[in-house]
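Descriptive structure summary
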Amino acid sequence: MASVQPLVRQLFSGDPRALARSISLVEEESTQGRAILKAIYPRTGRALVLGITGPPGAGKSSLVSRMVGGWRKRGEKVGIIAVDPSSAFSGGAILGDRIRMQEHCLDPGVFIRSMATRGHFGGVSRACRDVVDLLDAGGYRVIFIETVGVGQDEVEVVQIADLVLVVLPPGLGDDIQTIKAGILEIADLFVINKADREGADRLASELSAMLALSPDHGMAKSPILKTVATTGQGIPELMQAVDQGRRQKGRTASREEREKERSRERFLELFREGLYRRAREACLARDEVEAIAEDLATRRRDPYSAAEEVLGRVRFAEPRRRVPSNGRRR
Ligand SMILES: Nc1nc2c(ncn2[C@@H]2O[C@H](COP(=O)(O)OP(=O)(O)OP(=O)(O)O)[C@@H](O)[C@H]2O)c(=O)[nH]1
Ligand SMILES: [Mg+2]
């Protein structure tokens, strides 16, 4: 295997082509991709990761585009990951995102990547986290993850972020209850976009009434801002609120706690995935799953016995002795 060192060096120096190549290697699940992720890890964890979610057409991309302009003025390189739930079926939405980012397309300090929700071994949130690390290592100090807030996958994805912005347009079927509760709970900031439309004030007051009713969640304190992404109205205030959110999170001990929790999850996820992959390769014959499925469907076997039988083939090495934390065996 060719050494990834030259590529990693180029990535560290901020070369966008090296970044694109690295992302492809990682997405292909190649050994080189893994080697890159290992090599860059010590240089990650520096970027501000902003999750942005909300219903389709709420104006997420338009807002991201505006905010990118703000960060660029401050001289920061910005990465954007557009997680696209529909791209498994059509490329249309990706194209739409690209078009709304057009003003930044030629800017070498802006890197845009679309990602499908399906087709990633280990899930889209893992794939997304890997791309965040690559951008981070490439010197992108602000990274946006845009997802359409529709399902569990998307909720998991935005939880990678340091700050989550939930974008809501007025006139959501005229009923705030249509907003999924899970989405509200992960919000650090609410943005009522399309404030030029009727109903923005009403949505804001309904939302704050609703938040006041759920004091156990952190979201009760989440600010509500109004913006018009098409004109830029409210964007300076939004940037300020993001800065403030960043400072607040940076100060608290909970940031370290959160980072540790995410690291633990990340490790366990990789462990689970590796275990499953190895066990499946070692213990299940080709087409065996099909045969088992057929047996279960026709009630010749039950799923519990089938799973137990296959698991019985897994051979673990001798259990490791517990090693005390000073590294010496007792
Ligand atoms: N009137 C008005 N239109 C807006 C505003 N913000 C965005 N739009 C328009 O709303 C449409 C959708 O905007 P996007 O930024 O693509 O919304 P999105 O949430 O990224 O959409 P998806 O990624 O497809 O879910 C576009 O036609 C925008 O021009 C706003 O503040 N006011
Ligand atoms: Mg969009």
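Because the structure is predicted, anything quoted here is derived from the model rather than measured.

To continue, consider the overall build of the protein chain. A count of helical and extended segments in the protein chain gives 14 helices and 7 strands. Scored against the burial criterion, the 330 residues of the protein chain give a buried share of 33%. Considering only contacts in the protein chain between residues 6 or more positions apart, those separated by 24 or more positions represent 73%.

On the basis of which strands lie adjacent, the open sheet formed by 7 strands has the order β3-β2-β4-β1-β5-β6-β7 and parallel pairing. The open sheet is flanked by β3 (110-116) and β7 (224-226), the only strands paired with a single partner. With direction set aside, neighbouring strand axes in the sheet form an average angle of 20 degrees. Contacting β1 (48-54), β2 (78-84), β3 and β4 (142-148), helix α7 (residues 124-137) runs over the sheet at an angle of about 165 degrees to β3.

With that settled, consider the packing of helix α2 (residues 16-27) against α7. For any two helices packed against each other, one specifies the inter-axial angle together with the distance between the axes. Between α2 and α7, the least distance of the axes is 10 Å, while the angle of their chain directions is 155 degrees. Classified by the angle between their axes, α2 and α7 sit roughly antiparallel to one another. The hand of the α2/α7 crossing is right-handed. Taken together, the residues of α7 that come into contact with α2 (itself represented by Leu-19, Ser-22, Ile-23, Val-26 and Glu-27) are Ala-127, Asp-130, Val-131 and Leu-134. In terms of residue class, the contact of α2 with α7 is made up of 6 nonpolar, 1 polar and 2 charged.

In the predicted model, the protein chain carries a mean pLDDT of 84, and the fraction of residues at 70 or more is 81%. Mean pLDDT values for the elements of the protein chain range from 50 in helix α5 (residues 92-100) up to 97 in helix α1 (residues 5-12). Contacts for the low-pLDDT stretch residues 87-93, under 50 throughout, to residues beyond four places or in other chains number 10 contacts.

A few words on the pairing of β1. Buried residues dominate β1, accounting for 7 of its 7 residues. The two faces of β1 match: Leu-48, Leu-50, Ile-52 and Gly-54 on one face and Val-49, Gly-51 and Thr-53 on the other face are all buried. In this structure, β1 lies alongside strand β5 (residues 163-168), joined through 4 bridges in parallel fashion. From the neighbouring strand, Gly-51 faces β5, where its bridge partner is Val-164.

What counts, and at which threshold
Residues numbered from 1 in each chain as written. Chains lettered and ligands numbered in written order. Predicted model: local features only at pLDDT ≥ 70, side-chain atom pairs only at ≥ 80, totals over all residues. Helix = DSSP H or I, 4+ residues; strand = E, 2+ residues; numbered from the N terminus. Buried ≥ 20, exposed ≤ 12 C-beta atoms within 10 Å, placed from the backbone. Contact = placed C-beta atoms within 7 Å. Pairing = 2+ DSSP bridges. Axes fitted to C-alpha atoms, helices over the stretch in contact; angles between N-to-C directions. Parallel < 35°, antiparallel > 145°, perpendicular 65-115°, else oblique. Left-handed = near helix turned anticlockwise from the far one by under 90°. Nonpolar A, V, L, I, M, F, W, Y, C, P; charged D, E, K, R; others polar. pLDDT = per-residue confidence, 0-100.

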